Amino acid sequence: MPELAIDRLSKSFDGKMVLKDVTFHIEPDEFVSILGPSGSGKSTLFHLIGGISQPDEGEISLDGERINGKKGSISYMPQSPALFPWRTILQNVLLGAEIAGKKDLPAAVAMLEKAGLKEYESAYPHQLSGGMQQRAAFIRSLLSPQPLICLDEPFSALDEFTRSEMQQWLLSIWMEHRRSILFITHNIEEALFLSDRIIILSDKPANVKAEFDIPFPRPRDESIVLTEEFLTYKKAVYNELKADSGA
Ligand SMILES: Nc1ncnc2c1ncn2[C@@H]1O[C@H](COP(=O)(O)OP(=O)(O)OP(=O)(O)O)[C@@H](O)[C@H]1O
Ligand SMILES: [Mg+2]
């Protein structure tokens, strides 16, 4: 049974259709990325999966259970990291685990250290840069116990080197503690480096226009981005996206 099944999902805002008949699934422990033009409805899709809003049509099931409009079934990192200003960084990253009654302090401290945030444990969000806040929000979603993690452009505020480090860090954690991940990004290379599969959404109203299986063996090293095969995939994905942008 797929971990997540999205079946003919549609959503309109003010009479304008944003998602139209979106159908895809994620297998247990699979890493799937979603690429699509800006404004195509990617974040909207995450809001629906997270139960923050309801689809007009279609079904969302997690592990066989219908979760339309149901909050708390997935671990979700929104596009703008929502850290609570009155909680320290350590208290913030522990929030999801705490709500689920599964607080693991040593794991949180170890992850903060790996993300270069050790000295900010007791700091408050406003004392951190945007990229650091993004990393903290990302750790919080990893520490939450739900089987599916939805990450909406988690590395977009990071410089290229930090981003590459965070990608490798994410992969190493994911290899160790397998979970299903649905990952939104605008970065083709990032999607190729991380994913088992890439789903391409069309422009609004979005539906699934292409899927790529990404066969690079794991564990993956950053040197794969320089290989011929990687570039071939990069071109194929790029052309699929470009075909829609009107360029
Ligand atoms: N609550 C809302 N009310 C009205 N319109 C909305 C609402 N949420 C999203 N939209 C519209 O739906 C469309 C898709 O927005 P969404 O944020 O899902 O795009 P996106 O693919 O995540 O874009 P980006 O890549 O820029 O993050 C946009 O045209 C947006 O204006
Ligand atoms: Mg978005």
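Residues numbered from 1 in each chain as written. Chains lettered and ligands numbered in written order. Predicted model: local features only at pLDDT ≥ 70, side-chain atom pairs only at ≥ 80, totals over all residues. Heavy atoms only, no water.

An unreviewed UniProt entry annotates the chain as ABC transporter ATP-binding protein of Planococcus salinarum.

Chemist: Where do I start with the side chain of R220 in this structure?
Modeler: Along the chain, the position of R220 falls in the loop between β10 (208–213) and α8 (228–245). For the buried R220, which has no salt bridge, the nearest side chain bearing the opposite charge is D196, at an N-O separation of 4.6 Å. In this structure the side chain of R220 is engaged in a polar contact, spanning 2.8 Å, whose partner is the backbone oxygen of F193. A distance of 3.4 Å separates a polar side-chain atom of R220 from the backbone oxygen of I214. Discounting residues that sit within four places of it in the chain, R220 has contacts with L171, L192, F193, L194, S195 and I214. (Helix = DSSP H or I, 4+ residues; strand = E, 2+ residues; numbered from the N terminus. Buried < 20%, exposed > 50% of the residue type's maximum accessible area, 1.4 Å probe, protein only. Lys, Arg positive; Asp, Glu negative; His and termini not counted. Salt bridge = Lys/Arg side-chain N within 4 Å of Asp/Glu carboxyl O. Polar contact = N/O pair within 3.5 Å; in protein donor to acceptor, adjacent residues only side chain to side chain. Contact = heavy atoms within 4.5 Å.)

Chemist: It is not clear to me how the packing of helix α4 (residues 105–114) against helix α5 (residues 130–143) should be interpreted in this structure. Could you clarify?
Modeler: Each pair of packed helices can be described by the angle between their axes along with the distance between the axes. In contact at an axis separation of 10 Å, α4 and α5 are set at 145° when each is read in the N-to-C sense. The element α4 and its partner α5 pack so that their crossing is right-handed. Contacts between α4 and α5 involve A107, A108, M111 and L112 on the former and, on the latter, I139, L142 and L143. Partitioning the contact of α4 with α5 into residue classes produces seven nonpolar, no polar and no charged. (Axes fitted to C-alpha atoms, helices over the stretch in contact; angles between N-to-C directions. Left-handed = near helix turned anticlockwise from the far one by under 90°. Nonpolar A, V, L, I, M, F, W, Y, C, P; charged D, E, K, R; others polar.)

Chemist: For this particular structure, what's the right way to read helix α6 (residues 160–176)?
Modeler: Count 3.6 residues to each turn of an α-helix, and residues three or four apart come out pointing the same way. The end-to-end C-alpha distance of α6 is 24 Å, a good match for the 24 Å that 17 residues give at a rise of 1.5 Å each. Within α6 the residues assigned to the buried category are T162, R163, S164, M166, Q167, W169, L170, L171, I173 and W174. Of the residues that open α6, the one with a side-chain oxygen 2.9 Å from the backbone nitrogen of F161 is D159. (Expected span 1.5 Å × (residues − 1).)

Chemist: What exactly am I supposed to notice about the environment of W169 here?
Modeler: Mapped onto the elements of the fold, W169 is located in helix α6. Among the residues examined, W169 registers a relative accessible area of 8% and is labelled buried. Taking C-alpha positions, W169 is 9.6 Å from M111, a pair spaced 58 residues apart along the chain. Dropping the residues within four chain positions of it, W169 is found in contact with M111, K114, A115, F138, I139 and L142.

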